[in-house]
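Structural overview for review
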Number of protein chains: 2
Amino acid sequence: MASPDKSSSQPKSPAPQSDQKTGAGITPRSVSYSDWYLDIIHKAELAEHSAVRGCMVIRPHGYAIWEKMQRELDDRFKATGHVNAYFPLFIPLSFLTREEQHAAGFAKECAVVTHHRLKTIDGVVQVDPDSKLEEPLVVRPTSETIIWHQYKNWIQSYRDLPILINQWANVVRWELRTRLFLRTAEFLWQEGHTAHATEAEALTETQRMLDVYADFAENVMAVPVIKGRKTPGERFAGALDTMCIEAMMQDGKALQAGTSHYLGQNFSKGADVKFLNREGKLEYVYATSWGVSTRLVGALIMTHSDDTGLILPPKLAPIHVVIVPIYRKDEEKERVYAEADKVKAELSAQGLTVKFDDRDNLQPGAKFYEWESKGVPIRIEIGPKDLEKGVLCLVRRFVLEQPGETPEAERKRRKSFVPRAEAIAGIPTILAEMQKELYLRALAFRAARSRIIDSLEDFERFFKQEGGGFAWVHFAGSSDDEDQLSKRFETTVRCIPLPDQIPPEAQGSGTCILTGQPSPQRVIMAKAY
Amino acid sequence: MASPDKSSSQPKSPAPQSDQKTGAGITPRSVSYSDWYLDIIHKAELAEHSAVRGCMVIRPHGYAIWEKMQRELDDRFKATGHVNAYFPLFIPLSFLTREEQHAAGFAKECAVVTHHRLKTIDGVVQVDPDSKLEEPLVVRPTSETIIWHQYKNWIQSYRDLPILINQWANVVRWELRTRLFLRTAEFLWQEGHTAHATEAEALTETQRMLDVYADFAENVMAVPVIKGRKTPGERFAGALDTMCIEAMMQDGKALQAGTSHYLGQNFSKGADVKFLNREGKLEYVYATSWGVSTRLVGALIMTHSDDTGLILPPKLAPIHVVIVPIYRKDEEKERVYAEADKVKAELSAQGLTVKFDDRDNLQPGAKFYEWESKGVPIRIEIGPKDLEKGVLCLVRRFVLEQPGETPEAERKRRKSFVPRAEAIAGIPTILAEMQKELYLRALAFRAARSRIIDSLEDFERFFKQEGGGFAWVHFAGSSDDEDQLSKRFETTVRCIPLPDQIPPEAQGSGTCILTGQPSPQRVIMAKAY
């Protein structure tokens, strides 16, 4: 397994080379997990590095996946009463420092705008020194401070509450070590910022949005997640409580897929936002914030894909079905194309997105590779024989593994010849099955790489010899103790799972594997992205 | 009529005051057009200034309109074969200077990032002087240069073309004089950037997207537009040809509502993007770019609204119907609420967005004002008497003016009592009528404020005494001549209309009103936003 830092450096152009790539041009996971990840992104044309250090270009296929995610999330936000708005890209430097913890966390690696004009001096375009801003502007790393400054205008009484606003935006956190989708200087995200009259209501909102994220991850992304809270050391800077969903990638590492923060009155105090409560008294407003980002595309890739390329859950696939025509003679081409057009129309009428790959400069085999590497769930091959027999040849992007099966046998199992009408009518069902199978496969993978661990020796063996994964351990140490484990094993407490997230065999109290102190419940420790 | 500069200064808080506001709290257009515009925005809660100079906050109601615009535009882009992608926010300074004309146009008032870290020095958070970037980064004012740099990786042969990409993004152009939606330092927009193998194909694309914009403006925004080309002096910096759509606002001024540029090979040369053409020769790629922005929300406001508040074409209304309950006793309330819930459900089932205003701390009259000022097309008032009679009271946001009619009479005409089933079934038809009426009203307004003008004297009278509007004139002057007219009358050539955009009475050649030189066709001159 590759070390986490190996591939997190700057642009590689062309894509990482390896002598051991598959026929699809992808480094197998077993050879180098991090090269595999970059190969998938490269082959599927999802993203690439740009000329600007740390900033990525999201290519059309990658962006189409993000758009599908946005639509699904946005629908859920609106269904829970939220509306969208837009706040400025820039934050005055002084705003960032209004909340002490927040400043400590975010007033660090930022893009800072200091001037507002360019000028040609001695024939060279450069920054005009006379255009220096009185106060530097920080490109938003997150928007709590600028948004709460605005909320001050909108909130006078409890009747103005709650405010349930979400923003889709780009944010910038200067990063030296970047990795496409997972960690980039600029990334796209949504950030919800809500204002409430009571602590109870704000806490309910924090939990509600965590549930929305978990529902989206499991039912749309087909990524099983564990809901929990962060330890104080891992909390969002300025939050009283940070809830999160944690997913397991195929290298056994955890990936934080979404966070929902209870901010208490920290930001309303920072921006001096008080309201007249039902009892007629002035009180500071209670806040939450919550967000997910383009990092989810990275999570999606690393959860489902294989050594042939990207695998997408049908609900997020920009193309559900690709039709590849197969013919030799012109007369065959004509009939095959006519049938392809008809099949496309019939499937589109069912709400599916269908691509008819009619490029005539590519052999069918090359097309198969291309669409498989891009994760299209179903391929239909149409040839003259299929026409004669009245069948369609359906090829699934994947089938669930069967122990000991040869690649050859698996390939056969992916392919089926189905009477035409039955095939057309049955594709939505197949897609729904595939969606479910991906989730179950990821769930089984996580189960296989999760371990209940009760001693530091077992912990060490799990992470040093057995590949690691999610360790369910009792841990009652301090932040310093956590740092100590992190230095030895690269592990951190990913979350303190909510009670209903703990499997029966992991329930109950015990003693800390490091300090021997009593612990009320197990936490999840893992290496993480 | 207010001068264009009067309101274009910085944040006013609270909203502009006037002694002559209407009952709805809005300065009438006849008193101050610019105050009227700001009052509409304030009352409808569309946007407001932020703490960051020149940057606006788009409030939920304003953003919901923008979202509707986005959806409609995005559907049209996709239907014409385009896909979305995302490119970096930052542009290395040197990139901006790669295309000479572009540099002259855009390497000016920009937000420039010069540092990447903040640091606490002497207890104060400030820019870390040690974090100075080797090359300053400009926050994108437009993305041609960074995108064409990336296209270089994607284009080798004619088989890689065309590339038809659009980006939804924020851009920044430092502005000293800002006006909400119309001119702000940061704004939201979409920018299409396409790459083609031939000039002919790129020219077709330029025209196609202009047509898409015109279709959107007229059929969705209900804003009539004239399609034309810009004079060389008004072209996009780096374009060989800039096509535009021009709309007329209610003060007779023109507003450029969208542009589509043919860029020739200027940007492919700047970024050195060549391709192997069908003849096997290396050639520079042909380019277009096209965009519309949140400025369209300003155009929408200024085209349709009245002294009562915002008026929205139903296709862009975030709420189509608002239901206001009217009752005195608790027993009435119960019945009225039950009916309101049912009506809401029945209308929602037809795909309409319905708001039931069940706030019990507001009188019906206050609710009427609020939703009228927010531009909701139809209000349904439900009271006990309506229940008894089996009718719904429908109130349209507007009816077409009838000459000499009193406000009282107009108010009556807006209101109708319709048998329940008929009302429910008929609302989509009423909305479609309203959509059409808004377009026709704007068209009639434009006709009334357009003039065919053949002498400088008439031109002067039109703009100095008669309120101005669109002047259809023969103009064959130079850029300097254009500047001269601009200084005297604040007018510019808004566009050289496409042949099919010229009304019969304005067709044909003639002589320039300024220079007396022969002119092949009339152009439109107007004051402009």
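Residues numbered from 1 in each chain as written. Chains lettered and ligands numbered in written order. Predicted model: local features only at pLDDT ≥ 70, side-chain atom pairs only at ≥ 80, totals over all residues.

This part is about the interface of chain B and chain A. Interfaces are often described in size by the accessible area the parts lose on coming together. Residue-level contacts link 52 residues of chain B with 52 residues of chain A. Of the residues that constitute the side of chain B that touches chain A, the class distribution is 35 nonpolar, ten polar and seven charged. (Contact = placed C-beta atoms within 7 Å. Nonpolar A, V, L, I, M, F, W, Y, C, P; charged D, E, K, R; others polar.)

All names here are of chain B. Spatial ordering of the open sheet is given by β3-β9-β10-β16-β13-β12-β11-β24-β27-β23-β22, a layout of eleven strands whose pairing is mixed. The strands lining the two open edges of the sheet, one partner per strand, are β3 (83-84) and β22 (450-452). Judged from the eight bridges that link them, strand β12 (residues 241-248) and strand β13 (residues 254-264) form a sheet pairing that is antiparallel. Bridge pairing in β13 links Ala-247 to Leu-255. (Pairing = 2+ DSSP bridges. Helix = DSSP H or I, 4+ residues; strand = E, 2+ residues; numbered from the N terminus.)

Each of the two chain copies goes to the other by way of a rotation about an axis and a shift along it. Overlaying chain B with chain A gives an RMSD of 0.0 Å, the required rotation being 180° about an axis along which the chain moves by 0.0 Å. The superposition operator between the copies reduces to a two-fold rotation axis. Identified as the residue of chain B closest to the rotation axis by C-alpha distance is Val-113 of chain B, at 2.1 Å. Of the residues that chain B buries at the interface, 100% are likewise interface residues in chain A, meaning the two copies contact each other through the same surface. (Least-squares fit on C-alpha atoms with pLDDT ≥ 70 in both.)

By domain assignment, chain A separates into domain 1 (58-90 + 140-304), domain 2 (314-446) and domain 3 (450-526). Computed over C-alpha atoms only, the centres of domain 2 of chain A and domain 3 of chain A are separated by 44 Å. (Domains from an automatic or database assignment.)

On a regular strand, one side chain projects to one face of the sheet and the next to the other, so that they alternate. Residue and element names in this part refer to chain A. The element strand β24 (residues 492-497) is largely enclosed, with a buried count of five among its six residues. Sheet topology places strand β11 (residues 226-229) next to β24; two bridges connect them, and they run antiparallel. Within β24, the residue paired with Gly-228 across the bridge is Pro-497. Pairing geometry for β24 and strand β27 (residues 522-526), over three bridges, is antiparallel. Along β27, the bridge assignment pairs Thr-492 with Ala-526. (Buried ≥ 20, exposed ≤ 12 C-beta atoms within 10 Å, placed from the backbone.)

Right, let's get into the pairing of strand β9 (residues 163-172) of chain B. Residues and elements named next belong to chain B. Counting buried positions along β9 gives seven out of ten residues, so the element sits mostly inside the fold. In this structure, β3 lies alongside β9, joined through two bridges in parallel fashion. What sits directly across from Val-83, in β9, is Ile-165. Direction of pairing for β9 relative to strand β10 (residues 186-196): antiparallel, over a ladder of ten bridges. Paired with Val-171 across the two strands is Phe-187, which belongs to β10.

What follows is about unusual backbone geometry. Trans is the prevailing form of peptide bonds, just as negative phi is the prevailing case for residues other than glycine. All names here are of chain A. In the segment running from Leu-161 into Pro-162, the intervening peptide bond is cis, with an omega of -5°. Positionally, Pro-162 belongs in the loop between α5 (144-154) and β9 (163-172). The backbone phi angle of Asp-122 is positive, close to 50°, even though this residue is not glycine. Here Asp-122 lies in the loop between β6 (118-121) and β7 (124-127). For Asp-122, a count of 5 C-beta atoms within 10 Å gives the class exposed.

Spatially, β4(A)-β8(A)-β5(A)-β5(B)-β8(B)-β4(B) is the arrangement adopted by the six strands of the open sheet, whose pairing is antiparallel. Every interior strand has two partners, whereas the edge strands, β4 (90-92) of chain A together with β4 (90-92) of chain B, have only one. Mean inter-strand twist for the sheet, computed between neighbouring axes without regard to direction, equals 45°. As defined by bridge partners, strand β5 (residues 112-115) of chain B adjoins strand β8 (residues 132-139) of chain B across three bridges and the pair is classed as antiparallel. Bridging from a neighbouring strand, His-115 of chain B pairs with Lys-132 of chain B of β8 of chain B. (Axes fitted to C-alpha atoms, helices over the stretch in contact; angles between N-to-C directions.)

The next point concerns the confidence of the model for chain A. Residue and element names in this part refer to chain A. With 96% of its residues at a pLDDT of 70 or more, chain A shows a mean pLDDT of 94. Of the regions scoring below 50 in pLDDT, residues 1-16 engages in 24 contacts with residues more than four places distant in sequence or in other chains. Confidence estimates for the predicted assembly give a pTM of 0.95 and an ipTM of 0.94. (pLDDT = per-residue confidence, 0-100.)

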